[in-house]
Amino acid sequence: MSTAAATAGVRTGRARPATMAQALGRALRDSMAADPTVHVLGEDVGTLGGVFRVTDGLAKEFGDDRCTDTPLAEAGILGAAVGMAMYGLRPVVEMQFDAFAYPAFEQLISHVAKMRNRTAGAMPLPITVRVPYGGGIGGVEHHSDSSEAYYMATPGLHVVMPATVEDAYGLLRESIASDDPVVFLEPKRLYWSKADWSPDAPAPVEPIGRAVVRRPGRSATLITYGPSLPVCLEAAEAATAEGWDLEVVDLRSLVPFDDETVAASVRRTGRAVVVHESSGFGGPGGEIAARVTERCFHHLEAPVLRVAGFDIPYPPPMQERHHLPGVDRVLDAVARLQWEAES
Amino acid sequence: MTVQELPGAAAYRPTPPPAWKPLTDPAPLLPDPEPFRVLGTDAAAGVDPELLLRLYAELVRGRRYNAQATALTKQGRLAVYPSSTGQEACEIAAALVLEDRDWLFPSYRDTLAAVARGLDPVEALTLLRGDRHTGYDPREHRIAPLCTPLATQLPHAVGLAHAARLKGDDVVALAMVGDGGTSEGDFHEALNFAAVWRAPVVFLVQNNGFAISVPLAKQTAAPSLAHKAVGYGMPGRLVDGNDAAAVHQVLSEAVARARRGEGPTLVEAVTYRMEAHTNADDATRYRGDGDVEAWRAHDPIRLLERELTGRGLLDEDGIGTVREAAERMAEGLREQMNADPVLDPMDLFAHVYEEQTGQLREQAARLRGELEAEQESGAEEGR
Ligand SMILES: Cc1ncc(C[n+]2csc(CCOP(=O)(O)OP(=O)(O)O)c2C)c(N)n1
């Protein structure tokens, strides 16, 4: 996986406010400009520019053959992408919403994830599957699923999720440049989050699989990613009032998982809470807590706790705030890290 | 309700489906290349005036419903609304051709069909308002939940119709899907199952020209969507989707055929989506006003109004009465939708399983505690 791709491109601009959606679009554009084998395909990605406008302008700039409105069939889109990749192209597929990627699961699990392995390395598939995912935008049924646990349970897939504007750009470029398939989960409710950012001089990006410490702290570690990162940063600020100095680690990808950064942090702080909005049972937090426990057992002052969405189908929008883990639930977990008092 | 308590479950005796004879002559399956029309042709004279008047009243009411629901999105009373303005003839005919015992399988755009079938206008909107996923008991109304993932309701319709048949019940299922939805694998699998099982199903494709921004030409290379039926071994019918009498007739024939045990039919109704995909969509990005204007001349209400007034079955007074009734419906809808729905957050855990797991009971207790604390601290509900 090359980091060169991330820094390629003309450097002329100055930093100005950009949204995550714009940074993603710019990453697609720059990837297409840098590599003629990069093709974008999906529902409404052409003329409309995608329902979130991430692909806006690509069809105009690169033509319908490079940015293609497909028939409405997710299995067909991803299946066709497999064939395109077999023939040397680098398809970037857009699934319109998290829950509409499910018809493509057969292709994803049986083929995209396994082709390298099935062919003893002869036929890797450089496919990026972009999935707008997660809740918090008031979407009706089937528009707010957090599906990362399904993907991370499938060996052969990278599972990447940006939480900042800079990472949206850098990680997407890295994903497209990757010779392995990447499920790229775009937190919908952060699409309109902004940062001062220069598309022409993007911050250098680490390869997929490195977590970063977004806020250093001494008394406990919040381990999180994607849409829950802003929640954790806010909780960390709020917790200072209670005397807690929380460290916040942004995983940036679940596969590969950065054990070193996470374990180093927990060894420093001795306490950890995993925060994500997908359901807790069978969710990413269980895996993460187990890994942390295995590596940091002797450093832990309390069990690794999880703050997650409830184990229910994603609720109707008027009820979603009760389901999504917010600052209060994170703070409650932090309070429970006073393990001696509780046990 | 457990499975054993379902109506008719005790009497359930599976019987094999009727023997399948492959069709040797595909000719009767092929659709006529011209969409079938009634209004403005000699055939219109043969249609029961009562039916025409009923269709008219429902169309006007339906359009008013669409307008009211769209207005409610602007006031934030609905999260989103996919209007079926321009497509009312399909919606209404789909509801009216069914008997009470039959089933309707609507997509997310088909609120109007559900309301025309008798569903309470507010209950039909809960999905789009966002207070619950399905605001009605599907079994009570024989309307499956409005379906958001495209085409996934079609195999359900086939299965239900098949099951009814096995039980010896005289039930037909009518399933609705958009032109874009016909590209999904589920559409093809549903058609194939239906034909092989000779299930009493009618598939109604509302071809409204676009799947969000994607025009039909990028969706299919077939001469028509109705042609898709032939390869599966069922007849395909093409009908003018803005001609309420024609849609009603074609669907009635398809339902009758299904009821006679002759198997499924695929009906393509050619219509046009006059509004954007939903209130959140910007249609100017992918189509010009001119296209919309051209279809205005072929508006389903106008077509029917012309027929009825031309034959002296309807006058200004009659039109006024129909509009007034529609206005009253809209008023009632507005009033009810302006009241905040009463929500119980504990409902989140109520219907995940028949019996709550220990895990869910624990989570419910935690939420209850949070809510009580919120109330105690006088914190305002809803951050
Ligand atoms: C499986 C699936 N993929 C994508 C979507 C997102 N989506 C919602 S409506 C729509 C277009 C549907 O077009 P069509 O079937 O023609 O029906 P219409 O909206 O025109 O009534 C799309 C792509 C979805 N709901 N389900």
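Residues numbered from 1 in each chain as written. Chains lettered and ligands numbered in written order. Predicted model: local features only at pLDDT ≥ 70, side-chain atom pairs only at ≥ 80, totals over all residues. Heavy atoms only, no water.

(A) Seen up close, the overall build of chain A. Assigned secondary structure in chain A consists of 14 helices and 14 strands. For chain A, whose C-alpha radius of gyration is 20 Å, the value lies close to the compact-globule estimate of 20 Å for 343 residues. Per-residue burial for chain A yields a buried fraction of 60% across its 343 residues. The contacts of chain A with a sequence gap of at least 6 include a subset with a gap of at least 24, amounting to 82%. Entry remark: accessible area of chain A is about 12,700 Å², with carbon and sulfur atoms responsible for 53%. Placing the 31 positive and 44 negative side-chain charges of chain A at their respective mean positions leaves the two points 4 Å apart. (Helix = DSSP H or I, 4+ residues; strand = E, 2+ residues; numbered from the N terminus. Rg over C-alpha atoms; globule rule 2.2 N^0.38 Å. Buried < 20%, exposed > 50% of the residue type's maximum accessible area, 1.4 Å probe, protein only. Contact = heavy atoms within 4.5 Å. Areas by Shrake-Rupley, 256 points an atom, 1.4 Å probe, with all protein chains shown as cover. Lys, Arg positive; Asp, Glu negative; His and termini not counted. Charge placed at Lys NZ, Arg CZ, Asp CG, Glu CD.)

(B) Structural context of the site of the ligand. In the vicinity of the ligand there are 20 residues, among which Glu74 of chain A together with Tyr108, Arg109, Gly180 and Gly181 of chain B approach most closely. Note that a nitrogen atom of the ligand is positioned 3.0 Å from one of the backbone N or O atoms of Leu150 of chain B. Burial of the ligand by the protein amounts to 96% of the accessible area it has alone, namely 580 Å². For the shell around the ligand, the residue count by class is 8 nonpolar, 7 polar and 5 charged. (Near = heavy atom within 4 Å. Polar contact = N/O pair within 3.5 Å; in protein donor to acceptor, adjacent residues only side chain to side chain. Nonpolar A, V, L, I, M, F, W, Y, C, P; charged D, E, K, R; others polar.)

(C) Spatial organisation of the nonpolar core. Ranked by size, the top nonpolar core spans 68 residues in total, and within it Tyr56, Tyr65, Leu174, Leu251 and Leu304 of chain B carry the most contacts. Broken down by element, the residue count for this core peaks at 9 residues, all from helix α9 (residues 244-259) of chain B. Counting 44 residues, the second largest nonpolar core, distinct from the first, contains Val93, Leu157, Val183 and Val262 of chain A. (Core = buried A, V, L, I, M, F, W, Y, C linked by side-chain atoms within 4.5 Å.)

(D) Broad picture of unusual backbone geometry. Residues and elements named next belong to chain A. Pro256 follows Val255 through a cis peptide bond whose omega is -5°. Mapping Pro256 onto the fold places it in the loop between β12 (253-255) and α10 (259-269). Residue His142 is not a glycine yet carries a positive backbone phi of 70°. Inspection of the secondary structure assignment puts His142 in the loop between β5 (128-133) and α7 (148-152). Since its relative accessible area comes to 29%, His142 is described here as partly exposed.

(E) Structural view of the side chain of Thr70 of chain B. Mapped onto the secondary structure, Thr70 of chain B falls in helix α1 (residues 49-74). Look at Thr70 of chain B and you get buried, because its relative accessible area is 17%.

(F) Region of the structure containing the pairing of strand β14 (residues 305-309) of chain A. Residue and element names in this part refer to chain A. Across the 5 residues that make up β14, a large majority, 4, are buried. As paired strands, strand β13 (residues 272-279) and β14 are joined by 4 bridges and run parallel to one another. From the neighbouring strand, Val275 faces β14, where its bridge partner is Val307. The handedness of the β13 to β14 crossover, carried by helix α11 (residues 284-296), is right-handed. (Pairing = 2+ DSSP bridges. Right-handed = clockwise from strand over helix to strand, strands pointing away.)

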